[in-house]
Amino acid sequence: MDYLNLLDHGGIMMSKPAKRYSVIKRIVTLTVSLNTLFFVTISALVIGIYLFSSSIPLDLTLIILIAFVIAIVIFLLLTKLLIVIINKNLEPINQLSILLEEVKNGNFYPKAKIEKNNELSDISKVVEEMSNEIDRQERIAYENYAYDQLTGLKTREAITEEVNKKIFTEDKKAAVCLLQIVNYKDIVVIKGQEVANNLINKIASQLTDILNEDNQLFSKSEDELVYIVQGFNSLSEVQEKTDKIIAHFKEPNVIKDIRIEIKIFAGIATYPTDGNDLDELIKKCDLSLYRAKQTMKKQLLFYNDTISQEIAYQAEITEQLSQALESDEIHLKYQPLIDFKAEIYGFEALARWSSPVVGDISPEIFIGNAEQSYMIIPIGNYILRESCKAQVAMKKKFDREFMMSVNVSLIQLLQADFVEKVKEIVNETNINPNYLTLELTESIFINATIALDDKIDEMHKLGIKFSLDDFGTGYSSLTYLQKIAFDNLKIDKSFIDGVLELKKEHRIVETIVNLVHRLDMKVIAEGVESRKQLEYLRHISADIIQGYIFSPPLNLQDANEYIDKFYKLSPKTRLNDIMKKND
């Protein structure tokens, strides 16, 4: 929709010839005419009285009457001339009226035909300048409304009506594809707004080259772009096109000699299956995109009714989670960490939630939900406090120090008072900070928007230890090992599961163990479930084992019973006996 069309659609008609205003002209004409009539009447009356009351000869009377008529004619001509002169001098007022009428009708470039330089010509120039400025501002407003300033693409608002009329009234299928650069905000913070702006501009340009004109590429927000695939025969065509786009952006973009890794997710909805207008379809795209980012399993997800149900379920969880702490619905379980010296190294505290409304909720679901709703802050503080209390209680009961490992969310770490909150809980519970480990996942560092080194260093000075959890599931694990002084490293369960099947996994796990030991760190293998896995990990000198082979997560009472039974067993046969008890 171009600028003129926008004006038409807005109900502003372009200028028509303005009618000439004649009120002043009529007033002037009427005034002069009445004056003339008054003059003629009085003159005639005076002459008539004079002639009838005097004994003037007839021929002289005739001459007087002829002279009177000639005088009247001359007076009328002079009156007419006066009216013309007055109207000519008042014409600028009429021109100014025409000028204002033009501006009112939407013509912002009118010209008043005022030749003389006087007050009215000055007023007309001011009106012209004002109308020109109004036009300039309207054009700027339109450009901001219709075109995204970063990419030059049309905006969603400007294109909606056009798309609804041209595409979503046909019998042909169409797919709306919403692309989001999910790490855009991190790029803004780490690389700067200028680099991020240049990146978006470049991505839009590349997409324009990849797509064709029929795809109706447009901007939805600063980190979201939308394109439409028209007349497809099968969803595989749409997926193939979107997969091609996602694959294209797996390669880093270079902006001003800076390499930028970008990650794009896509949500797709189809017409007429999922909706009949652009707004409805984009809402469905948003839901698909949201779900894709939640699972992190697929970068592309088509909308379906299951997604709506899942998101409604998530909304219900969010609502119930807000009162879970107050209702004592969240509780902790503790999974033992056993070393090859047949000692309990410690426990990992694991949160569990049993809701009377939605039932038992998987930690993956409710922890992710708590992070998105920022409920993870009070929940995380609760978990840390209760696990510290449990560690202190175990020490008092068994006169042994056990390491207590607690998972920490990125949301918690980013809080300005996080370090102070940890210190407060340490002092409140009286735990020895040397036996407290905070577990950080690789995703924390992938998604972090600020340096966390200072916070980690400050807590390290207190004696608190740090463990890198789920090692191997991220993208730059070795980089983190170089930058941050971790005390432990947890090998992800996916590697442990593979050691019995693939020799390649053997080499990878063995290499990890050797590398970590050289960095003076302990290796914890999580998710160990079989004797063969255990023997292999013993063979490559892993330090600590966590998994169902030794124990599932236990409530505090059962954990205390487990400790009691564990140390009643002979150290020589302890590990074997514990495994038998759990077979």
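About the criteria used
Residues numbered from 1 in each chain as written. Predicted model: local features only at pLDDT ≥ 70, side-chain atom pairs only at ≥ 80, totals over all residues. Heavy atoms only, no water. pLDDT = per-residue confidence, 0-100. Contact = heavy atoms within 4.5 Å. Buried < 20%, exposed > 50% of the residue type's maximum accessible area, 1.4 Å probe, protein only. Helix = DSSP H or I, 4+ residues; strand = E, 2+ residues; numbered from the N terminus. Pairing = 2+ DSSP bridges. Phe/Tyr/Trp six-rings, centres within 6.5 Å; stacked < 30°, edge-to-face > 60°. Axes fitted to C-alpha atoms, helices over the stretch in contact; angles between N-to-C directions. Parallel < 35°, antiparallel > 145°, perpendicular 65-115°, else oblique. Nonpolar A, V, L, I, M, F, W, Y, C, P; charged D, E, K, R; others polar. Left-handed = near helix turned anticlockwise from the far one by under 90°. Core = buried A, V, L, I, M, F, W, Y, C linked by side-chain atoms within 4.5 Å.

## Here we look at the confidence of the model for the protein
Inference 1: This prediction gives the protein a mean pLDDT of 81; 75% of its residues lie at or above 70.
Inference 2: A low-confidence stretch, residues 1-21 stays under pLDDT 50, and its non-local contacts, those more than four residues away or across chains, total 37 contacts.

## What to know about the pairing of strand β8 (residues 330-339)
Inference 1: Counting buried positions along β8 yields eight of 10 residues, so the element is predominantly enclosed.
Inference 2: One ladder, built from nine bridges, connects β8 with strand β9 (residues 344-355); its direction is antiparallel. Residue pairing across strands places His331 opposite Arg352, the latter belonging to β9.
Inference 3: With antiparallel pairing between neighbouring strands as the criterion, β8 and β9 make up a hairpin whose turn holds four residues, including Ala342 at a positive phi of roughly 65 degrees.

## Points about unusual backbone geometry
Inference 1: The linkage connecting Tyr271 with the following residue, Pro272, adopts the cis geometry, with an omega of 5 degrees.
Inference 2: Locating Pro272 in the fold gives a position in the loop between β6 (264-271) and α9 (278-295).
Inference 3: Here the phi dihedral of Lys256 falls at roughly 55 degrees; this positive angle occurs in a residue that is not glycine.
Inference 4: Topologically, Lys256 is positioned in the loop between β4 (253-255) and β5 (258-260).

## Observations concerning the packing of aromatic side chains
Inference 1: In the structure shown here, the tally under the stated rule is five aromatic pairs.
Inference 2: Here the aromatic rings of Phe347 and Phe402 are separated by 6.0 Å at their centres, their planes lie at 80 degrees, and the arrangement is edge-to-face. In this pair, Phe347 sits in strand β9 while Phe402 sits in the loop between α12 (376-398) and β11 (403-407), placing the two residues 55 residues apart along the sequence. In this structure, Phe347 and Phe402 share a single accessibility class: buried.
Inference 3: Seen from their ring centres, Phe566 and Tyr567 are 5.1 Å apart, and the 75 degrees between their planes marks the pair as edge-to-face. When sorted by exposure, Phe566 lands in the same class as Tyr567, which is buried.
Inference 4: Connected via pairs of aromatic rings, a cluster forms that spans Tyr562, Phe566 and Tyr567.

## A short note on the packing of helix α6 (residues 184-191) against helix α7 (residues 193-210)
Inference 1: Here α6 crosses α7 at 140 degrees, and the two axes come no closer than 6 Å. Regarding the angle of α6 to α7, the classification is oblique. Mapping the contact onto sequence places Tyr184, Ile187, Val188 and Lys191 in α6 and Gln193, Val195, Ala196, Asn197, Leu199 and Ile200 in α7.
Inference 2: Its residues assigned to classes, the contact of α6 with α7 comprises seven nonpolar, two polar and one charged.

## Side note on the packing of helix α14 (residues 418-429) against helix α16 (residues 453-462)
Inference 1: Between α14 and α16, whose axes approach to 10 Å, the crossing angle comes to 20 degrees. The pairing of α14 with α16 is recorded here as roughly parallel in orientation. Considering how the two elements wind past one another, α14 and α16 form a crossing that is right-handed. Residues Phe418, Val419, Glu420, Val422 and Lys423 of α14 lie in contact with α16, whose contacting residues are Lys455, Glu458, Met459 and Leu462.
Inference 2: For the contact of α14 with α16, the residue count by class is five nonpolar, no polar and four charged.

## Thoughts on the nonpolar core
Inference 1: Counting residues in hydrophobic clusters, the biggest one holds 80 residues, and the most contacted among them are Leu438 and Phe550.
Inference 2: Per-element tally for this core: the top contributor is α12, with eight residues.
Inference 3: If you look at the next biggest cluster of nonpolar residues, it comprises 32 residues, including Ala196, Ala204, Ile246 and Ile264.

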